[in-house]
Amino acid sequence: MKRILLSLLTIGLVSVGVFGATKAFFTDTETSKNNTFSAGTIDIAVDGENPWSRSTPYQFTDMKPSQIEYANFVIKNVGSNPANVWKKIDITKEEDKTITESECEYGGGTWDGTCSGNYTAKNDISSAIRYDLAVWVYDVDPNQNPGASAKWWQIIYTDEMDKRLNTLNGQNILLGMIPAGWYMKVQQSYHMDPDTGNWAQSDVMTFDITLTAEQLKGTVLMENKNFANESNPTIVHNDGIQGTLTYGVRDSKFNFSFSGKAPLADTDYTLIFYPEPWSTPSGQWPGPVIILGTAHSDGSGNVSIPPTSLELNQNIRNMKVWLVKSADLSGNNFKPWAWNGNDYLFELGMMDYYDADL
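Residues numbered from 1 in each chain as written. Predicted model: local features only at pLDDT ≥ 70, side-chain atom pairs only at ≥ 80, totals over all residues. Heavy atoms only, no water.

A. Highlighting the overall build of the chain. When its secondary structure is counted, the chain shows 3 helices and 25 strands. When contacts within the chain are restricted to residue pairs at least 6 apart in sequence, those whose partners lie at least 24 apart make up 76%. (Helix = DSSP H or I, 4+ residues; strand = E, 2+ residues; numbered from the N terminus. Contact = heavy atoms within 4.5 Å.)

Structural data, given as structure tokens:
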């Protein structure tokens, strides 16, 4: 009897296995083929050269007090991505080329056709050179289109700021962002201080200029500006009033935070995107803005917006970022005649955000 039951159990299990093997379900299969993951490029050309070789280096000869020399060039973003561009001056040598009678005597020496005695050279001509710097960004080549309007510009250093080359030596200076395929005209001038003494006669300084382009890293530096010249406001450096917007360059939502010090203490501020002037309807300047968040500056001017996530449902391209007084806004528009630029913070380079859901 046990054998019969065991046989029947075995037959039953085999039957279940056969039934399971022949059972069918409705199905549907879809395949997305040939998907790719590719990296973009970051690349710049300067005055049409890539790499920038300059067979004839900049040579500012026979400089004298109060004279100005210019070294201008145009950068093109030939890569596939927007790029922040930085500029650096590296002083490689400062020396006496020859020693004149006046220079010898200035340095404590004795002149009898040659310099002798206790002459001490002051090989520091970089301390006598004031440096000015400004940039303009165009969507066309400004050399080929001299009447083109700049889409963004920045006055970084002026002669009145008294920036000397020796204090800028080795520093990376942010010029701003260049969208892919766009151009940046860079104007730099070197002005020998009018009070430069005889110690600088015939002195020679050799220096390198380095340009570095880097991908957008999700950081926008912001500064206050002096609007004494309304059309060309200048950055106010080294006063501690500045801010940083940190964000995800590409994400499903605009995730950001902000921290800094505002020009005014105990004041309500609003962080905004401001569309570039060329996209503002005629007669509606300054036009509608995109409000990102609000915050109140404390008694020292410190202001911050904690991590925030916004669903913008759009890409943000070549946009300005401002921190403005909330009282100057009515909804998402500036109030008539409410512009108070000296009380705001402004971006040091345009920014992009890419909505990953689009």
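Here the narrative resumes.
B. Summary view of the environment of I290. By the element assignment, I290 lies in strand 19 (residues 290–296). Each C-alpha atom, one on I290 and one on L312, is 9.3 Å from the other, the two residues being 22 residues apart in sequence. Those residues in contact with I290 that sit more than four places away from it in its chain are L271, I272, F273, L312, Q314 and I316.

C. Geometry of the sheet that holds strand 11 (residues 203–215). Spatially, 3 strands are ordered 9-4-11 in an open sheet, and the strand pairing comes out antiparallel. Edge positions in the sheet fall to strand 9 (172–178) and strand 11, since each of these pairs with one other strand and no more. Between one strand axis and the next, the sheet turns by 25 degrees as a mean value, whatever way the strands run. Where strand 4 (residues 83–96) and strand 9 come together, 6 bridges link them in antiparallel fashion. When the bridges of strand 9 are listed, V85 appears paired with G176. (Pairing = 2+ DSSP bridges. Axes fitted to C-alpha atoms, helices over the stretch in contact; angles between N-to-C directions.)

D. Main features of the environment of D96. You can see D96 is positioned in strand 4. Once the C-alpha coordinates of D96 and K122 are considered, the two residues, 26 residues apart in sequence, prove to be 8.3 Å apart. Engagement of the side chain of D96 in a polar contact is seen with the side chain of Y119, the distance being 2.9 Å. (Polar contact = N/O pair within 3.5 Å; in protein donor to acceptor, adjacent residues only side chain to side chain.)

E. Main features of the pattern of salt bridges. Scanning all chains against the criterion turns up 10 salt bridges. We note a salt bridge from K122 to D124, for which the minimum N-O separation is 3.7 Å. The class for K122 is partly exposed, based on a relative accessible area of 34%. (Salt bridge = Lys/Arg side-chain N within 4 Å of Asp/Glu carboxyl O. Buried < 20%, exposed > 50% of the residue type's maximum accessible area, 1.4 Å probe, protein only.)

F. Just the nonpolar core, in detail. If you look at the biggest cluster of nonpolar residues, it comprises 65 residues, and the most contacted ones within it are I75, L175, L245, Y247, F254, L271 and M351. Setting aside chain neighbours within four positions, we find L271 in contact with M222, L245, F256, F258, I290, I291, L292, G293, I305, V321, W322 and L323. Among the nonpolar cores identified, the runner-up in size contains 10 residues, and F227, Y274, V324 and Y344 belong to it. (Core = buried A, V, L, I, M, F, W, Y, C linked by side-chain atoms within 4.5 Å.)

G. The pairing of strand 4, seen in detail. Bridge analysis of strand 4 against strand 11 gives 13 bridges, and the strand direction is antiparallel. When the sheet's bridge partners are listed, A83 is paired in strand 11 with Q215.

H. Here's a closer look at unusual backbone geometry. The omega torsion of the bond from N50 to P51 falls at 10 degrees, within 30 degrees of zero and hence cis. Even without being glycine, N313 reaches a positive phi, approximately 55 degrees. One can find N313 in the loop between strand 20 (302–310) and strand 21 (316–325). Backbone geometry places N318, a non-glycine residue, at a positive phi of 50 degrees. Residue position: N318 is located in strand 21. On the accessibility criterion, N318 (11% relative accessible area) is buried.

I. Just the packing of aromatic side chains, in detail. As enumerated under the stated definition, the model contains 19 aromatic pairs in all. Judged by centre distance (5.4 Å) and plane angle (65 degrees), the rings of F254 and F273 are edge-to-face. You can see F254 sitting in strand 17 (residues 254–261) and its partner F273 sitting in strand 18 (residues 268–274), a full 19 residues away along the chain. On the basis of relative accessibility, which here comes to 0%, the residue F273 falls in the buried class. Measuring from centroid to centroid gives 6.1 Å for W339 and F346, while their planes differ by 45 degrees, and the two rings are tilted. We classify W339 as partly exposed; its relative accessible area is 24%. For F346, a relative accessible area of 4% corresponds to the buried category. Three or more aromatic residues joined by ring pairs make a cluster, and in this case those are F227, Y274, W322, F334, W339, Y344 and F346. Over the ring of W153 we find K320; its NZ or CZ atom is 6.0 Å from the centre of that ring. (Phe/Tyr/Trp six-rings, centres within 6.5 Å; stacked < 30°, edge-to-face > 60°. Lys NZ or Arg CZ within 6 Å of the ring centre and 35° of its normal.)

J. Up close: the side chain of H191. By the element assignment, H191 lies in strand 10 (residues 183–192). Classification of H191 as buried rests on a relative accessible area of 10%. Among the polar contacts made by the side chain of H191, one reaches the side chain of D159 at a distance of 2.8 Å. Not counting chain neighbours up to four residues away, the residues in contact with H191 comprise S66, Q67, I68, A128, I129, R130 and D159.

K. Summary view of the confidence of the model for the chain. Looking at the chain, the pLDDT average stands at 85 and 85% of residues meet or exceed 70. Mean pLDDT per element in the chain: helix 1 (residues 2–22) is the minimum at 45, and strand 15 (residues 242–247) is the maximum at 98. (pLDDT = per-residue confidence, 0-100.)

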